[in-house]
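The chain contents come next:
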Amino acid sequence: MRMRKKKNLSSRMDACGALLVQNPAAEKGRWRAHKPDAALLRLELGCGKGRFTAETAAAHPSDLYVAVERVPDAMVIAMERCRALGLTNVLFIDGDAAALEQYFAPGEVDLIYINFCDPWPSVKHSRRRLTHEGFLRGYRRVLREGGQIQFKTDNRALFDWSLFQFPKAGFSLSQVTRNLHEHGIQGVMTDYEEKFHALGTPINRCVGTMGPLPDVPLPDGLARRLPDWELRPVDGSGTDAVLALLQSDPAYFDLEGRQPTAQSLRDDMALLPPRCMPEQKRYLALWRDDAPQAVLDLVEGYPRERTLYVGFFFLSPALRRQGLGREIMDAVLQAAGDAGMDNARLACLLNNAGGHAFWRSLGFGDLRRGETIGEHSNPVWEMERLL
Ligand SMILES: C[S@@+](CC[C@H](N)C(=O)[O-])C[C@H]1O[C@@H](n2cnc3c(N)ncnc32)[C@H](O)[C@@H]1O
């Protein structure tokens, strides 16, 4: 939040001194001493000017409410609001959501609010989003088992991306809506929410409930289930060898109507389904005997949060008809299940009868006819399988 420097900031902060916790690390594990009868400890990250803070704390006088904000110029307004209402159950931390572990003991927090956090639209900054898997895993260290994160945003792209982050950090989703106020105002509004709602922007909201962490992230599960293969991301190095592998089967690419080139490989490495982020995609080569023998393009969380999308699977012609393709795909599907996915989807070229029979034998069924994404679209069977 960019704000003009507030005049008299320090005197205004001093006037609200009773609400500001000067040394939050000293309160770690002792927050409830501020309100021994507190039923819940509610924590808000990035409270801004605090309309939501003041109204929610006022609505729950029997709970302790702690608001974290790293811009004092905004926080002082939130503190003044709470002071004006005479609230005694609210405390403020002039600090960083990334440092919660320093402020709270494990399990000390019951509920976390993240409202209209900065979207950091550039992919290279995605780790700074307060709903990034890394942050969510950090919140786990202070939330009690079964505790909740309530998340609201006007930013649809951030919301869709966040829905994919929650399950990866072991939070099950509920109350997912992309138009919270469709049938009238729901709950307490934040300052940002009021502004965006007035402009007609739909508000997205979801609740994440903390459960066990997904057992094994997909790359780890794959490595574990394919011990005889070396899994290497196809990035800068090794792409020549991968291209040579693909070029060893011109008949397959005749079906697509284009032969692989260095450029088409680069395009495929970067190609993403709609609304997906690069970190959802794994473009992998399976190496054995110092050469890539198979290529996999997997997208986690497309088109739904718990779906693995198999964008491409290619096995060296020399290794076919030995059960290896089935072995590799069985491992992929099992690893996807271990990573918390509940179904898999793919698109099989309509003219690829052999491929279609292969996927059917693996338990995939036809969903509908469609088109491949990308520059060269081809008619396909969209296929699905539950895991
Ligand atoms: C877009 S504003 C939203 C404010 C308020 N939640 C609302 O909905 O009106 C985001 C707020 O989060 C704060 N913020 C962003 N990252 C933060 C972090 N890592 N720790 C604490 N506050 C943060 C910003 O300073 C800003 O006040």
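As the structure is a computational prediction, the values presented were derived from the model and not from experiment.

Q: How do you make sense of the domain arrangement of the protein when you look at a structure like this?
A: Accessible area lost on assembly of the parts is the figure often given for the size of an interface. Split into domains, the protein comes out as domain 1 (9-210) and domain 2 (218-386). The C-alpha-based centres of domain 1 and domain 2 are spaced at 40 Å. Counting from both sides, the interface comprises eight residues of domain 1 and, opposite them, eight residues of domain 2. Taken together, the residues of the side of domain 1 that touches domain 2 sort by class into six nonpolar, one polar and one charged.

Q: What exactly am I supposed to notice about the sheet that holds strand S2 (residues 64-69) here?
A: In any sheet, the strands associate via hydrogen bonds between backbone groups, in a parallel or an antiparallel arrangement. Strand order across the open sheet formed by seven strands is S3-S2-S1-S4-S5-S7-S6, with mixed pairing between neighbours. Since the sheet does not close on itself, it has two edges, and those belong to strand S3 (90-94) and strand S6 (171-177), each with one partner. Shown here is a sheet whose adjacent strand axes are inclined to one another by a mean of 20°, direction ignored.

Q: Mind showing me how you'd approach the nonpolar core here?
A: Counting 54 residues, the largest nonpolar core has Leu-45, Val-66, Ala-67, Ala-78, Ile-112, Ile-114 and Tyr-139 as the members making the most contacts within it. Sequence-distant contacts of Leu-45, defined by excluding residues within four places in its chain, comprise Val-68, Ala-97, Ile-112, Tyr-113, Ile-114 and Leu-130. By size, the runner-up hydrophobic cluster in this structure holds 39 residues, among which are Val-295, Leu-296, Ala-335 and Ala-344.

Q: How do you make sense of helix H9 (residues 239-247) when you look at a structure like this?
A: Every α-helix winds through 3.6 residues per turn, so residues three or four apart in the chain are directed the same way. Buried within H9 are the following residues: Val-242, Leu-245 and Leu-246. Looking straight down H9, one finds that the buried residues subtend no more than 95° of arc, so they occupy a single side. H9 presents Asp-240 and Ala-244 as exposed residues on the side facing more than 90 degrees away from its buried surface. Among the structural elements, helix H11 (262-270), strand S9 (281-288), strand S10 (291-300) and strand S11 (307-315) are those in contact with the buried residues of H9.

Q: Explain the site of the ligand to me, please; I cannot follow it from the model alone.
A: Around the ligand, 21 residues are found, and the nearest of them are Gly-46, Gly-48, Phe-116, Thr-190 and Tyr-192. Among the secondary structure elements, those contributing two or more residues to the shell around the ligand are S2 and helix H7 (191-198). A total of three residues in the shell around the ligand trace back to one element, the largest contributor, which is H7. Grouping the constituent residues of the shell around the ligand by class yields eleven nonpolar, four polar and six charged.

Q: Looking at this model, I keep getting lost on unusual backbone geometry. Mind explaining?
A: Excluding glycine, residues mostly have negative phi values, and the peptide bonds linking residues are mostly trans. The residue after Tyr-302, namely Pro-303, is reached through a cis peptide bond having omega -5°. Along the chain, Pro-303 falls in the loop between S10 and S11. A positive phi is found at Arg-275, a non-glycine position, where the angle reads about 65°. As for its position among the elements, Arg-275 is in the loop between H11 and S9.

Q: What exactly am I supposed to notice about the packing of helix H8 (residues 218-225) against helix H12 (residues 324-338) here?
A: Axis angle and axis distance: for two packed helices, these are the angle between their axes and the distance between the axes, and together they describe the pair. Following both chains from N to C, one finds H8 and H12 inclined at 140°, their axes separated by 8 Å at the closest point. Classified by the interaxial angle, the pair formed by H8 and H12 is oblique. Crossing of H8 against H12: the hand is right-handed. In this structure, H8 contributes Leu-218, Gly-221, Leu-222 and Arg-225 to the contact, and H12 contributes Ala-331, Val-332, Gln-334, Ala-335, Ala-336 and Asp-338.

Q: What am I meant to see in the packing of helix H2 (residues 51-59) against helix H3 (residues 72-84) here?
A: The contact between H2 and H3 brings their axes to 8 Å, and the two run at 30°. Taken together, the axis directions place H2 and H3 in an arrangement best described as roughly parallel. Here the hand of the crossing between H2 and H3 comes out right-handed. Contacts between H2 and H3 involve Thr-53, Ala-54 and Ala-57 from the first element and Ala-78, Arg-81 and Cys-82 from the second. Class assignment of the residues belonging to the contact of H2 with H3 gives a composition of four nonpolar, one polar and one charged.

Q: Explain the sheet that holds strand S13 (residues 365-371) here, please?
A: Spatially, S8-S9-S10-S11-S12-S14-S13 is the arrangement adopted by the seven strands of the open sheet, whose pairing is mixed. Two strands bound the open sheet, and with one partner strand each, they are strand S8 (230-233) and S13. Neighbour-to-neighbour, the strand axes of the sheet open up by a mean angle of 30°, direction not taken into account. As defined by bridge partners, S10 adjoins S11 across seven bridges and the pair is classed as antiparallel. From the neighbouring strand, Asp-297 faces S11, where its bridge partner is Phe-312. Taken strand by strand, H9 contacts S9, S10 and S11, and its axis lies near 95° from that of S10.

Definitions and limits used
- Residues numbered from 1 in each chain as written.
- Predicted model: local features only at pLDDT ≥ 70, side-chain atom pairs only at ≥ 80, totals over all residues.
- Domains from an automatic or database assignment.
- Contact = placed C-beta atoms within 7 Å.
- Nonpolar A, V, L, I, M, F, W, Y, C, P; charged D, E, K, R; others polar.
- Pairing = 2+ DSSP bridges.
- Helix = DSSP H or I, 4+ residues; strand = E, 2+ residues; numbered from the N terminus.
- Axes fitted to C-alpha atoms, helices over the stretch in contact; angles between N-to-C directions.
- Core = buried A, V, L, I, M, F, W, Y, C linked by C-beta atoms within 7 Å.
- Buried ≥ 20, exposed ≤ 12 C-beta atoms within 10 Å, placed from the backbone.
- Arc of directions from axis to C-beta.
- Near = placed C-beta within 6 Å.
- Parallel < 35°, antiparallel > 145°, perpendicular 65-115°, else oblique.
- Left-handed = near helix turned anticlockwise from the far one by under 90°.

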